[in-house]
Amino acid sequence: MAGKIRSNDVCPVLGCGKPFKETVLGKNRVDLVCPVHLTRPEKYYIDARHLKAKKIYTDAGGDPFVSYESARELFDEMTREKKKGGFDPSRYSPSLRKPFLVENEAREWLSTLPQDKSAAYSRNAESFFRVHVLPAFGSVDVRTINARMIEAFYRKLIEKKLAPKSIASILKSLGAFLKREHRLGVIQGVPLFPEFKAQPRKEKGWLHSAHQASILSVISARHRLPFETMMGIGIRPGEVIALRTEDILPEGYIRIVRAIDEAGNVRDPKNGKGREMRVLPDLHGKLMAQAGGDNPLRESKWLFINEAGGHYSRESLHQIWLRACRKAGVKIGMYQGCRHSRATQTYIAGQERIAAEVAGELGNTVAVAKADYILSVRKVSELKTGGG
């Protein structure tokens, strides 16, 4: 039995109920119609039992066939494959196609990342796929993804007005996934990606220590030390609120071994590795006092505790910072006012310091330190006489 385009619908005209039949309606026009009332069905399917693909009700994207033409187009593609001798029923049959859906393949790929990549890479990839990739490709057979589909996805990301850097990261993550599918033999090749020119990095804002002091002066004593710590050693907001009393070490060091994310979950630091940082004596003395002194048997608890008795959230720090900036008449984000300022001040203080030193102190890669913090000699000269 040769395959056909069929429908389970019947003529909706009251009292008719006749099945739809394939009918020639004119030159190069064929459709399923009621022979009496010329009505058409709402949905179609491909009867591909002769190809061992059973009945196919949806296209590669999981959408139902709502026209004769859309069903016929896929049916003709299957027929051509059959004639070439390379027909694979699992590319078309929903029951056979399921194991190759992007959502299934991506789940397996994401589960392997913690063993192969850093914690930060794994978290970012999971977020990119959950928020952007799976809503677009989740129900698609990974073997059918082509350059046209990726181009359309890229355009959608632009329409969402995402930052160019975010779009580049999302596309890189999708590309890494498809390369893995190619390596495993699931797809024959990686489709071409749209040409994407990343925008140049914006120059990071920063503050002189005097401007930082003006902000600290309007933050209440209860909340001041976390910000003083971020300004003093440049650690991230999620790292400062995750400090515990045992992380304040003797001889002027603190230990960074965890971070708290936006949802309040305790995670590894961004680079996936812990580190120890030297602290200036004055700040270290304040941190040691906050931790309960140098008694090795002191209680283990969060170093900075909020009014409710728990650790701060990143959002609560952000709100405290915004209020302080308004009072101080300074307009800058918390990250730039603390971490970026610390990095820039460090470099300005001694131009001979190499990028690796700044990167090591802040827990960054050398490439990021060079791109974000290491300024040209000309810029340094301007900053020494100008300001942030």
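Everything here concerns the structure above.
Residues numbered from 1 in each chain as written. Predicted model: local features only at pLDDT ≥ 70, side-chain atom pairs only at ≥ 80, totals over all residues. Heavy atoms only, no water.

1. A few points about unusual backbone geometry
Phi is positive for Leu38, which is not a glycine, with a value near 60 degrees. Here Leu38 lies in the loop between β3 (29-33) and β4 (45-48). On the basis of relative accessible area, Leu38 is assigned to the exposed category, the value being 53%. One non-glycine residue, Glu251, adopts positive backbone phi at about 65 degrees. (Helix = DSSP H or I, 4+ residues; strand = E, 2+ residues; numbered from the N terminus. Buried < 20%, exposed > 50% of the residue type's maximum accessible area, 1.4 Å probe, protein only.)

2. Structural notes on helix α1 (residues 68-84)
Its 17 residues give α1 an end-to-end C-alpha distance of 24 Å, which sits within 8% of 24 Å, the value for a rise of 1.5 Å per residue. Along α1, the residues that are buried comprise Tyr68, Ala71, Leu74, Phe75, Met78 and Glu81. Buried positions in α1, seen along its axis, are confined to an arc of 160 degrees and lie on one side of it. Opposite its buried face, α1 presents the exposed residues Glu69, Glu73, Lys83 and Lys84, each directed more than 90 degrees away. Along its buried surface, α1 packs onto β1 (4-6), β2 (21-26), β3, β4 and β5 (54-56). Gly85 lies just past α1 and shows a positive phi near 85 degrees. (Expected span 1.5 Å × (residues − 1). Arc of directions from axis to C-beta. Contact = heavy atoms within 4.5 Å.)

3. What to know about the pairing of strand β7 (residues 253-256)
Alternating positions in β7 separate cleanly, Ile254 and Ile256 being buried on one face and Tyr253 and Arg255 remaining unburied on the opposite face. Count of turn residues in the strand β6 (residues 248-249)/β7 antiparallel hairpin: 3 residues, of which Glu251 carries a positive phi of about 65 degrees. Relative to strand β10 (residues 275-278), β7 runs antiparallel, the two sharing 4 bridges. Bridging from a neighbouring strand, Ile256 pairs with Arg275 of β10. (Pairing = 2+ DSSP bridges.)

4. A word on the pairing of β2
With 5 bridges joining them, β2 and β3 adopt antiparallel strand pairing. Within β3, the position partnered with Glu22 by the bridge is Leu32. Hairpin connection between β2 and β3: a loop of 2 residues separates the two successive antiparallel strands, and Asn28 in this loop has a positive phi of roughly 60 degrees.

5. Let's talk about the pattern of salt bridges
Counting across every chain of the model gives 17 salt bridges. Residue Asp47 pairs with Arg6 through a salt bridge whose shortest N-O separation is 2.9 Å. Taken together, the residues Asp47 in strand β4 and Arg6 in strand β1 connect sequence positions 41 residues apart. For Glu307, the salt bridge is made with Arg222, and the minimal N-O distance between the two is 3.8 Å. With Glu307 in the loop between α10 (281-291) and α11 (314-328) and Arg222 in helix α8 (residues 221-233), the pair connects residues that are 85 residues apart, well separated along the chain. What emerges from the salt-bridge pattern is a single network uniting Glu108, Arg180 and Glu181. (Salt bridge = Lys/Arg side-chain N within 4 Å of Asp/Glu carboxyl O.)

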